[in-house]
Amino acid sequence: MKKLGILAATLLVWIAAFAAHAAAQDTGTTLNGMIQDAAGKAVPAAEVSVKNNATANARKATCDAEGKFSVAGLTAGVYTVEVSAAGFATATRNDVRLGGGTMDITIPLSVATVAESVTVEAVESVAAEMAPMQSSLETHSARSEISQAFVENFTSPIGDYSEVLLMAPGTFSVNPNGVGLGQAKDFFRGFPDGDYTMTWDGIPFEDTNSPTHHTWVFFPGVWIGGTEFDRSPGTASSIGPTNFGGTINLLSREVPNSMGIQASISYGSFNTKLLDLGIDTGLFGPNKKSSLLIDVHGLKSDGYQTYNYQKRDGGNLKYQYRVSDKTTVTFYTNFLDLWTNTPNFNGPTRAQVNQFGVNFLLSGNPATSDGSYWPLDYYHVQTNFSYFGYRSDLGHGWSIDNKLYGYHYWNKQNYNNSLTTYLPTTSSDPGVDKLNGYTKFGDTLSLNYANRFGTFHTGMWYEWAYTDRYQVPSSPSQNYLDAILPNFHEHFITTSVQPYVEYEWRATSRLSVTAGIRWSYYIMNLTQYQDNGKTVGCLGGTLVKPAGIAGPIPIAQQAIEFCNGGAPWTKHEGRYTAMDPSLDLRYRLAHGWSAYAQYARGSIIPPSSVFDVSNGLVKTLPSPSMTNTFQAGTVFKKNRVTLDVDAYYVRFQNAYTSYTDSSGEPVYTLPGDSRTRGIEAESNIYAGHGFSVYLNASAGKAFYVNNGFWVANTPSNIETVGVLYQHKQWDFGVFNKRVGPMWNDNGTFNQSVPIDPFELTNVYANYTIKQDSWLRGTKLRLSVNNIQNSHAITGITAATVSQVYTPNPGDTLVLLPARSITMTVTLGLAPKR
């Protein structure tokens, strides 16, 4: 961290020395443009030619990582703009008339087919260009494309992917220790974390014992370039282990073709400090075919909750080599090292709020008897993620996209907990030694063929994973001396295979029909070791305790507790299969207006805890949980307005739910089948002069079939309002999120604990040097989260388990963190383009 700070400070001084040499702005007419694919995603590195029809003089430009280009100093007249990019058909826009000042255009590219070029209609939507998130006219399902501009300008630099998703339709998330400073939870359409797939550049990532995720590791917000958020199982080609509820595809930042350095310093509430250094090499090497992006950062924070310190260091690298106009090779890798006092998602009890305040979590009193003395808790997690990608246009309509990948997660934790199972609450020395670690290797393959009749997609996802997990009673005062027998210890190997086939038939120039099927096959080979009875017990043996002690074993005597006889371990094999079809129709009602209808099935295998029974004896394995989703929607885009509306109905079969036991482990139960129905809408309205208003809203219900009770954490309504000003160097935004009333479960009881509505307002202001200057990328950035300073209750774990909930001093509360303010200064250095 110290070396990073010295390096950053040195670069800041060096960059500042060039300030006097900043170039003057170009004069004449400027043509700014955005190049997108059919899904509305940016196409970086596209080559743009702007030719004056009268003089035949042509100016050329290359799109940056956001798919943007700018050509300045043009004389007034009529121009032809031609765009080409690897894997796409050449697009031409005719009769572009330039006067004085600045003109903005957007040009979509289509996949290259037998006919290698297409002329696009000269109609664009300013509202779409300014929208922080929106759907695409080519979409098959309810999805939002969250732009890189939104991530860079309207989220905190301290944040994680949870903040990126926060303002999306029907979605909410909470992080009780402050933005980006702890484990957050994300919910949409009644789906909690673990009921949807997450990917990084199309590669699935998740835990192995259950397919959940960790918001603060692997991919911090400073590395995210944008997000594709599909709130449904998607099409058959949507790969992943839990397309049960949807897919959140996080995208890495594209590698720019131009050179640049950005050094940033952030300081904010809760004594939060972030140093970040980004280096873009631009094109280099023989024939200028290589480019490289590097980013390293270090973060330290006291956190909002008492004694919940955070320290994080990490870096990521992305290298691209353009073998030819049709083939690109990509290598990506990152690492992250995180230290904190606790990963606890919860907050204080009601009694602690009354005694110590709303931000209480850990205590500085060594005499405390509730297990909250902070020096006895630490949490150390190390992650890395790498892939090698190959993408090529093979010719004659064929293309291939393949990624070989591997990633590693190692979460080592020791914590003090007087309520840990099998430890006496009267002991002043109870603790837990805990590990969750896994390593994965895999491959994603996509092979496509396109012609004038349609597009054929086939491919496969393969993954092999090894996991080691344990939880052992331990003595904090004796340097965490472990007992002989754990609460549980298991390791397992999981193999996942998921081939698919899909065809999109262009029935007419307006109508397309897409049908496909995805087959999922999973094998789990699990080994469980003897334990103290919390999970599988002595596996046929007898638990022997010190003489004269009938109840729980005091820490000092745990070392001599053992199993007399029995098997040292037991092995299991679970095999699960699922067949997930999809069918959709998309119809272009008019230029800038499309509609779709879709049926899709999603699935998820049971968690490894199905084997957590006495002696590990499971007679019949449960089947994978299934969803059947029916939805229809429409997407409308005109010059000043965008509008996306969808309605959905989801049938859950054998849906699992979970609650956390006293040792911090999730307990999974089967509450029965459920149904979810609702409607979602989002719109961006451009008012002119850089001002726009972004709106989204959802209303719905998720309930269990057997009793009609609400599914936990499913608000009856959610609304978002954003007011934005985006003009030249300025980006300013105010976003308000209101989450309607909902229920929490109480153990196995549904619809027990009511949660009142709450809202959150965030404010962002940015000034960025964007023109062709040596200081391009220099930026001042202000982020204010929870400007109302609300401490609303967003979740409750009841102290007593019953259907009828009564507030109790022992209830554990999840609260909105206090207002936080972060100021960021970025100094950029870049040669003139």
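As a reminder, the structure under discussion sits directly above these lines.
Below you will find a few notes about this structure. (Residues numbered from 1 in each chain as written. Predicted model: local features only at pLDDT ≥ 70, side-chain atom pairs only at ≥ 80, totals over all residues. Heavy atoms only, no water.)

1. Here we look at the overall build of the protein
The helix and strand tally for the protein stands at five helices and 47 strands. Among the 833 residues that make up the protein, the fraction classed as buried is 57%. Summarising the internal contacts of the protein: among those between residues at least 6 apart in sequence, 67% fall at separations of at least 24. Accessible surface for the protein amounts to roughly 32,500 Å². Of this, 59% is attributable to carbon and sulfur atoms. (Helix = DSSP H or I, 4+ residues; strand = E, 2+ residues; numbered from the N terminus. Buried < 20%, exposed > 50% of the residue type's maximum accessible area, 1.4 Å probe, protein only. Contact = heavy atoms within 4.5 Å. Areas by Shrake-Rupley, 256 points an atom, 1.4 Å probe, with all protein chains shown as cover.)

2. What to know about the nonpolar core
Counting residues in each nonpolar core, the largest one holds 62 residues, and the members touching the most others are Trp 200, Phe 205, Phe 218 and Phe 385. Among the elements that make up this core, the one with the highest residue count is strand E22 (residues 378-395) (four residues). Once residues lying within four places of it in the same chain are set aside, the contact partners of Phe 385 are Trp 200, Ile 203, Phe 205, Phe 218, Phe 219, Tyr 332, Thr 333, Asn 334, Gly 406 and Tyr 407. In this structure, Ile 35, Ala 46, Phe 69 and Val 96 belong to the second largest nonpolar core, which totals 22 residues. (Core = buried A, V, L, I, M, F, W, Y, C linked by side-chain atoms within 4.5 Å.)

3. As for the sheet that holds strand E9 (residues 133-134)
Across the sheet, six strands lie side by side as E9-E10-E15-E16-E13-E14; this open sheet has mixed pairing. One side of each edge strand has no neighbouring strand; the edge strands of this open sheet are E9 and strand E14 (203-204). Bridge count for strand E10 (residues 143-146) against strand E15 (residues 224-230) is four bridges, and the pairing is antiparallel. Note on E15: the bridge partner recorded for Ser 144 is Phe 229. (Pairing = 2+ DSSP bridges.)

4. Section: the packing of aromatic side chains
Under the definition given, this model contains 40 aromatic pairs. Ring centres of Phe 188 and Tyr 196 lie 5.0 Å apart, and the angle between their planes is 40°; this geometry places the pair in the tilted category. Like Tyr 196, Phe 188 is buried. Ring centres of Trp 200 and Phe 219 lie 4.0 Å apart, and the angle between their planes is 5°; this geometry places the pair in the stacked category. Highlighted residues: Trp 200 in strand E13 (residues 197-200) and Phe 219 in the loop between E14 and E15, separated in sequence by 19 residues. Taken individually, Trp 200 and Phe 219 each receive the classification buried, so the pair is uniform in this respect. Three or more aromatic residues joined by ring pairs form one cluster here, namely Trp 200, Phe 205, Phe 218, Phe 219, Tyr 332, Phe 385, Tyr 387, Tyr 405, Tyr 407, Tyr 409 and Tyr 438. Taking NZ or CZ as reference, Lys 440 lies 5.5 Å from the ring centre of Tyr 438, over its face. When the ring centre of Phe 703 is taken as origin, the NZ or CZ atom of Lys 701, which lies over that ring, is 5.5 Å away. (Phe/Tyr/Trp six-rings, centres within 6.5 Å; stacked < 30°, edge-to-face > 60°. Lys NZ or Arg CZ within 6 Å of the ring centre and 35° of its normal.)

5. Overview of the environment of Ala 86
Along the chain, Ala 86 falls in the loop between strand E5 (77-84) and strand E6 (90-98). On the basis of relative accessibility, which here comes to 35%, the residue Ala 86 falls in the partly exposed class. Spatially, the C-alpha atom of Ala 86 lies 8.3 Å from that of Thr 328, the residues being 242 residues apart in sequence. In contact with Ala 86, other than residues within four places in its own chain, are Asp 325 and Lys 326.

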